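# Remarks on the overall topology
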Amino acid sequence: DGGITQSPKYLFRKEGQNVTLSCEQNLNHDAMYWYRQDPGQGLRLIYYSQIVNDFQKGDIAEGYSVSREKKESFPLTVTSAQKNPTAFYLCASSILGLAGEQYFGPGTRLTVT
Amino acid sequence: EDKVVQSPLSLVVHEGDTVTLNCSYEVTNFRSLLWYKQEKKAPTFLFMLTSSGIEKKSGRLSSILDKKELFSILNITATQTGDSAVYLCAVINTNAGKSTFGDGTTLTVKP
């Protein structure tokens, strides 16, 4: 089955700790994205990557870091510098160049106390 | 900075009603506008619109884009309780990697 997987589904961390969220896709998509969603709000773009070994900051990149060493994988690290890390994080992928539909993973709900 | 505004923020209707959701945008170098439905977790794709005046239709849902007035509408006829969800609008600029989402419209359909 083709798709995007995110793990874990729920994650709890203490303040001051870095945490890495996993995102894997087997759709052979070039582009991958990370979004953050807070209650009652839409999706805000954190980072995106159009090709392997290249990525760009989105609208709210501060306190986050990413890597894109493989086409299939785009992990997101939430660092201790992120002031309000508790949120729902969604990963997505798309076929580069079509500027269209993004396929979303099931999301990771991160709670930092 | 690209901007997407959806209205209303929330809507409560009864089964069988028809609803219209609005999405207005400001984007440099517009490429396409997309509608998604988000029920609990991952948004699922509904429509992609690139040209003005051409209605996209899927069952009871339809959508149209006006590139002159910079807005799109999503219509749902004969609503059902299963239509209850958050409906998200997003615009993509010509840099294919970047999209901007609105805050969504929360639709609740009561039996």
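See above for the structure.
A brief structural summary. (Residues numbered from 1 in each chain as written. Chains lettered and ligands numbered in written order. Predicted model: local features only at pLDDT ≥ 70, side-chain atom pairs only at ≥ 80, totals over all residues. Heavy atoms only, no water.)

## Some points on the state of the cysteines
Rules: Two cysteine sulfur atoms make up a disulfide if the distance between them is within 2.5 Å. Helix numbers and strand numbers start at the N terminus; a helix is a DSSP run of H or I with at least 4 residues, a strand a run of E with at least 2. Only protein chains enter the accessibility calculation, which uses a 1.4 Å probe; a residue whose area is less than 20% of its type maximum is buried, one above 50% is exposed, and one in between is partly exposed.
All chains considered together, the criterion is met by 2 disulfides over all chains. A sulfur-sulfur distance of 1.9 Å marks the disulfide that ties C23(A) to C91(A). Handedness here is read from the sign of the S-S torsion; for C23(A) and C91(A), about -75°, the answer is left-handed. Of this pair, C23(A) sits in strand β3 (residues 19–25) while C91(A) sits in strand β9 (residues 87–94), and the two are 68 residues apart along the sequence. The exposure classification of C23(A) matches that of C91(A), with both residues buried. Sulfur-sulfur distance for the disulfide between C23(B) and C89(B) comes to 1.9 Å. Sign of the S-S torsion, about -70° for the bond between C23(B) and C89(B), identifies this disulfide as left-handed. Highlighted residues: C23(B) in strand β3 (residues 19–26) and C89(B) in strand β9 (residues 85–93), separated in sequence by 66 residues. The same class applies to C23(B) and to C89(B), which are both buried.

## Focus: the packing of aromatic side chains
The condition that has to hold: In this scheme Phe, Tyr and Trp rings, the latter by its six-membered ring, pair at centre separations within 6.5 Å, and the angle between planes marks the pair as stacked below 30 degrees, edge-to-face above 60, and tilted otherwise.
All told, the structure shown has 10 aromatic pairs over all chains when counted by the stated rule. Relative to Y89(A), the ring of Y64(A) lies with its centre 5.9 Å away and its plane at 65°, an arrangement referred to as edge-to-face. On the criterion of sequence distance, the pair formed by Y64(A) in strand β7 (residues 64–66) and Y89(A) in strand β9 is long-range, its members being 25 residues apart. Across the pair, Y89(A) and Y64(A) agree in class, each one buried. Judged by centre distance (5.0 Å) and plane angle (20°), the rings of Y25(B) and F30(B) are stacked. F30(B) gets classed as buried once you look at its relative accessible area, which sits at 19%.

## Digging into the interface of chain B and chain A
Applicable threshold: Whether two residues are in contact is decided by their heavy atoms: any pair within 4.5 Å suffices. Using a 1.4 Å probe, buried area is obtained as the accessible area two parts lose upon being combined, added over both of them. Any carboxyl oxygen of Asp or Glu within 4 Å of a side-chain nitrogen of Lys or Arg constitutes a salt bridge here. Polar contact is the term for a pair of N or O atoms within 3.5 Å; when the atoms are in protein, one must be able to donate a hydrogen and the other to accept it, and sequence-neighboring residues count only if both atoms are side-chain atoms. Under the grouping applied here, Gly and all other residues not named as nonpolar or charged are polar, the nonpolar ones being Ala, Val, Leu, Ile, Met, Phe, Trp, Tyr, Cys and Pro and the charged ones Asp, Glu, Lys and Arg.
The interface is formed by 20 residues belonging to chain B together with 24 residues belonging to chain A. When the two sides are added together, the surface that chain B and chain A hide from each other amounts to roughly 1,800 Å², 53% of it contributed by carbon and sulfur. Summed over the shared surface of chain B and chain A, the number is 0 salt bridges. The interface formed by chain B and chain A holds 5 residue pairs in polar contact (both at pLDDT 80 or more) in total. Taken together, the elements giving at least two residues each to the side of chain B that touches chain A come down to β4 (30–38), β5 (44–49), β9 and β10 (99–101) of chain B. It is β4(B) that provides the largest number of residues to the side of chain B that touches chain A, a total of 5 residues. The class makeup of the residues in the side of chain B that touches chain A is 10 nonpolar, 6 polar and 4 charged.

## Quick notes on the sheet that holds β7(A)
All names here are of chain A. For the record, the criterion: Strands pair, by our definition, only if DSSP identifies at least two bridges between them. Here an angle of 0 to 180 degrees is reported between the N-to-C directions of two axes, which are lines fitted to C-alpha atoms, with helices fitted over the stretch in contact.
In space, the 4 strands of this open sheet follow the order β1-β3-β8-β7, with antiparallel pairing throughout. The open sheet has two edge strands with one neighbour each: β1 (4–7) and β7. Direction aside, the axes of adjacent strands within the sheet are offset by 20° on average.

## What to know about the pairing of β4(B)
Residues and elements named next belong to chain B. For β4, the tally of buried residues reaches 8 of 9 residues, placing the bulk of the element in the interior. Bridging between β4 and β9 involves 8 bridges; their strand directions are antiparallel. Its bridge partner lying in β9, L34 is registered against A90. As defined by bridge partners, β4 adjoins β5 across 5 bridges and the pair is classed as antiparallel. Residue pairing in the sheet places K37 in a bridge with T44 of β5. Between β4 and β5, which pair antiparallel in sequence order, lie 5 residues.

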